[in-house]
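Descriptive structure summary
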Amino acid sequence: MFDWAGDHVEPGVSITAERNRDDISIGGLCILACVGNEAKVIGGSAAGSRGVVTGKHGGVEHIMVDFTSSVLDKLVIGDRIQIRAFGQGLQLKHFPDVHIMNVDPGLFRKMGISVQERMLTVPVTHVIPASCMGSGIGSRHSYSGDYDIQVSDGEIVQKYGLQSLRLGDVIAIKDADCRYGRAIRSGAISLGIISHASCLRGGHGPGVTVVMTTAEKRIIPKIERNANISRYLGIGRERTARRMPKRR
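My aim in this report is to walk through the structure given alongside it, one point at a time. Note that this is a predicted model, so its numbers are computed, not measured.

On to the side chain of D104, then. By the secondary structure assignment, D104 is in the loop between β6 (99-100) and α3 (105-109). Buried charge without a salt bridge: D104, with R109 as the nearest opposite-charge side chain at an N-O distance of 6.0 Å. Ignoring sequence-local partners within four residues, the contact set of D104 consists of C34, V35, G36, N37 and F86.

Turning next to the sheet that holds strand β3 (residues 50-57). If you walk across this open sheet you meet the 5 strands as β1-β4-β3-β2-β5, and the pairing is antiparallel. The open sheet is flanked by β1 (13-15) and β5 (81-83), the only strands paired with a single partner. On average, each strand axis in the sheet is inclined to that of its neighbour by 40°, with strand direction left out of account. Sheet topology places β1 next to strand β4 (residues 62-66); 3 bridges connect them, and they run antiparallel. The residue bridging V13 from the neighbouring strand is V65, located in β4.

What follows is about the side chain of R179. In this structure, R179 sits in the loop between β11 (170-177) and β12 (183-196). There is a polar contact of 2.9 Å between the side chain of R179 and the side chain of D177. Ignoring any residue separated from it by four or fewer positions in sequence, one finds R179 in contact with H99, R185, T213 and A215.

Definitions and cut-offs
- Residues numbered from 1 in each chain as written.
- Predicted model: local features only at pLDDT ≥ 70, side-chain atom pairs only at ≥ 80, totals over all residues.
- Heavy atoms only, no water.
- Helix = DSSP H or I, 4+ residues; strand = E, 2+ residues; numbered from the N terminus.
- Buried < 20%, exposed > 50% of the residue type's maximum accessible area, 1.4 Å probe, protein only.
- Lys, Arg positive; Asp, Glu negative; His and termini not counted.
- Salt bridge = Lys/Arg side-chain N within 4 Å of Asp/Glu carboxyl O.
- Contact = heavy atoms within 4.5 Å.
- Pairing = 2+ DSSP bridges.
- Axes fitted to C-alpha atoms, helices over the stretch in contact; angles between N-to-C directions.
- Polar contact = N/O pair within 3.5 Å; in protein donor to acceptor, adjacent residues only side chain to side chain.

Okay, here's the thing in structure tokens:
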């Protein structure tokens, strides 16, 4: 991620509502779409093709969608893509103090989450402190946009292994309360998905789409290298790996 020659690089296809409409249409798309939702091309040479939502990006108000290479070759600027928005409002019956957002229930079930002694154990690739977070703090809510990990301090990057972050990684942010906006709160924890690549500008870096948050001690992050939505959804690099012939 840090070797890419680009700024806030977004994977796959970036979409937003038409800019000549009012903010309601843009807000509707960016709030209601969830990671793991199905995306369908409804116009152009790739009409009928399907992809999957992989993340959100605030400011530019983009939704990122993964398609196969063959579909990408057919897409052109202006093609219309429709999201089957599903997932906002998801609740855990026995964990009412854990807020779920921005994630399709189908993906949520694939994330390897388990219950142990009234705690949720969630596989993640990294655990970082809220002090690392930058752009996105103070937002009105966490149901759209993203939350950037600051990477301007080389010592902090090395300390928390941020140089190994990958697009699609599921990560945990300690002392981050994203229930009503994004704030620092001791004992809180938020989980999210790396949705866009890094940036050298102060206050910015890899973007996180928040999918779980709680102010209580209800979530235990468990380090697993393969906690990545590409594996859960069979997309991106995982799709390529599955198609590679096995060595004899």
